[in-house]
Amino acid sequence: DAGITQSPRYKITETGRQVTLMCHQTWSHSYMFWYRQDLGHGLRLIYYSAAADITDKGEVPDGYVVSRSKTENFPLTLESATRSQTSVYFCASSFHRAEAFFGQGTRLTVV
Amino acid sequence: GIQVEQSPPDLILQEGANSTLRCNFSDSVNNLQWFHQNPWGQLINLFYIPSGTKQNGRLSATTVATERYSLLYISSSQTTDSGVYFCAVAPNTGNQFYFGTGTSLTVIP
C-alpha cells in the first residue's frame, strides 16, 4: 500500500524491556520524523532524519534510539522502556521544505 | 526552538456557526501546516500554507509569514468538524516541524 504505515498500532510492554516501533513510507521522502503525543504537551519531536544514515535529536530524545539504513524505514527503539514513555507515537515523512504526512500512530503502554 | 502558540485552546460551537483559529510563531518559518486530529486520533492534513491564502470547501487558511501568524477559518461548522486542530511550523534553519498545543473544537447539533 502506498503511504506511510506504522506498526504495531497498539503495544503493551513491561518496564525495562526493549521495544521497537516501525515506520515505513513508500514515497521516497528524504525526511522522516518521530513524535510523541501526550495530554497537555501536544506533539513533541523525538528524532528526525534528513536522509539514510543521517539522524538528529529533537526536543525529547532521551531514552530513544533511531536508525535509518534505508530511505523508506525509520524504526524507533526504546532500549529500556519506562512508564513515562507511555504515549502515542507518530511517524511522519516529507520532502525537503514540503508537506509532511503522518502515520496512523502507535499507542504504547508501559506497565 | 521555535515557539508555537494556538488560540483559543478550547472552542464550543453550535452547528452552522463560523470560527477562526489562530497560530502565532516566534521565528521565521519556511513551512506551516494545519492538521485536524479526529476523534480516532488520526492526523489529517488540512493545509500546507507557508504563506498566502488557500481554500478547501468550508475551510480556508491564511498565513502572514512576515507577521508570524496563521489563521484557520471554519465556516458553517458541522459535527464532523469536532476534534483538535494543530498548527505545525518548520523554522528557516531546518526542516523539522514544531507543533502548537492545539485548539479543541466541539460542534454541537
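Look up: the structure comes first, before these words.
Parameters and conventions
- Residues numbered from 1 in each chain as written.
- Chains lettered and ligands numbered in written order.
- Predicted model: local features only at pLDDT ≥ 70, side-chain atom pairs only at ≥ 80, totals over all residues.
- Heavy atoms only, no water.
- Helix = DSSP H or I, 4+ residues; strand = E, 2+ residues; numbered from the N terminus.
- Rg over C-alpha atoms; globule rule 2.2 N^0.38 Å.
- Buried < 20%, exposed > 50% of the residue type's maximum accessible area, 1.4 Å probe, protein only.
- Contact = heavy atoms within 4.5 Å.
- Lys, Arg positive; Asp, Glu negative; His and termini not counted.
- Charge placed at Lys NZ, Arg CZ, Asp CG, Glu CD.
- Salt bridge = Lys/Arg side-chain N within 4 Å of Asp/Glu carboxyl O.
- Polar contact = N/O pair within 3.5 Å; in protein donor to acceptor, adjacent residues only side chain to side chain.
- Pairing = 2+ DSSP bridges.
- Axes fitted to C-alpha atoms, helices over the stretch in contact; angles between N-to-C directions.
- Core = buried A, V, L, I, M, F, W, Y, C linked by side-chain atoms within 4.5 Å.

Glancing now at the overall build of chain B. When helices and strands are counted, chain B shows zero helices and eleven strands. Moving toward the C terminus, one meets the helices and strands of chain B in the order β-β-β-β-β-β-β-β-β-β-β. In summary, chain B has a C-alpha radius of gyration of 13 Å against a globular reference of 13 Å for 109 residues, a match within 12%. Across the 109 residues of chain B, 50% fall into the buried class. Taking contacts inside chain B between residues at least 6 apart in sequence as the whole, the part at least 24 apart equals 55%. Here chain B holds 4 positive side-chain charges and 6 negative ones, and the gap between their average locations is 8 Å.

A complete count under the given rule lists four salt bridges over all chains for this structure. With a closest N to O distance of 3.0 Å, Asp38 of chain A and Arg44 of chain A form a salt bridge. For Asp38 of chain A, a relative accessible area of 14% corresponds to the buried category. Of the charged contacts in the structure, one is a salt bridge between Asp81 of chain B and Arg58 of chain B, with a shortest N-O distance of 2.9 Å. Of this pair, Asp81 of chain B sits in the loop between β8 (69-74) and β9 (83-91) while Arg58 of chain B sits in the loop between β6 (52-56) and β7 (59-64), and the two are 23 residues apart along the sequence. Judged by relative accessible area, Arg58 of chain B falls into the partly exposed class, the value being 26%. Overlapping salt bridges, with partners in common, bring together Arg36, Asp38 and Arg44 of chain A in one network.

Facing 21 residues of chain A, the contacting portion of chain B comprises 18 residues. Run the count over chain A and chain B and you get zero salt bridges. At the surface where chain A touches chain B, the tally comes to ten residue pairs in polar contact (both at pLDDT 80 or more). Of all elements in the fold, only β4 (31-38), β5 (42-51), β9 (87-94) and β10 (101-102) of chain A reach the threshold of two or more residues within the side of chain A that touches chain B.

Residue and element names in this part refer to chain A. Omega for the peptide link from Ser7 to Pro8 comes to -5°, which places this bond in the cis form. Within the fold, Pro8 resides in the loop between β1 (4-7) and β2 (10-13). Of note, the phi angle at Ser28 is positive, near 60°, even though the residue is not glycine. If you trace the backbone, Ser28 turns up in the loop between β3 (19-25) and β4. Backbone geometry places Asp53, a non-glycine residue, at a positive phi of 70°. Relative to the assigned elements, Asp53 resides in the loop between β5 and β6 (54-57).

In sheet architecture, strand pairing relies on hydrogen bonds along the backbone and comes in two forms, parallel and antiparallel. Residue and element names in this part refer to chain B. Taken in spatial order, the five strands line up as β1-β3-β8-β7-β6 in an open sheet, and their pairing is antiparallel. Across the chains shown, the open sheet's two edge strands, defined by having one partner strand only, are β1 (4-7) and β6. Here the strands of the sheet are splayed against their neighbours by 15° on average, with no regard to which way each runs. Bridge count for β6 against β7 is five bridges, and the pairing is antiparallel. Note that in β7 the partner of Asn56 across the bridge is Leu59.

Bringing the nonpolar core into the picture now. Ranked by internal contacts, the top residues of the largest apolar core, which has 23 residues, are Trp34, Leu72 and Val89 of chain B. Those elements that provide at least two residues to this core are β2 (10-14), β3 (19-25), β4 (29-37), β5 (43-48), β7, β8, β9 and β11 (103-108) of chain B.

The subject of this paragraph is the pairing of strand β11 (residues 106-110) of chain A. Residue and element names in this part refer to chain A. Burial along β11 is one-sided: the residues Thr106, Leu108 and Val110 are buried and none of Arg107 and Thr109 is. Two elements, β2 and β11, share four bridges in a ladder whose sense is parallel. By the bridge assignment, Tyr10 is partnered in β11 with Arg107. Here β9 pairs with β11 via three bridges, running antiparallel. Pairing of Val88 across the sheet is with Arg107, part of β11.

It is worth stressing that arrangement in space is one thing and function is another; only the former is reported here.
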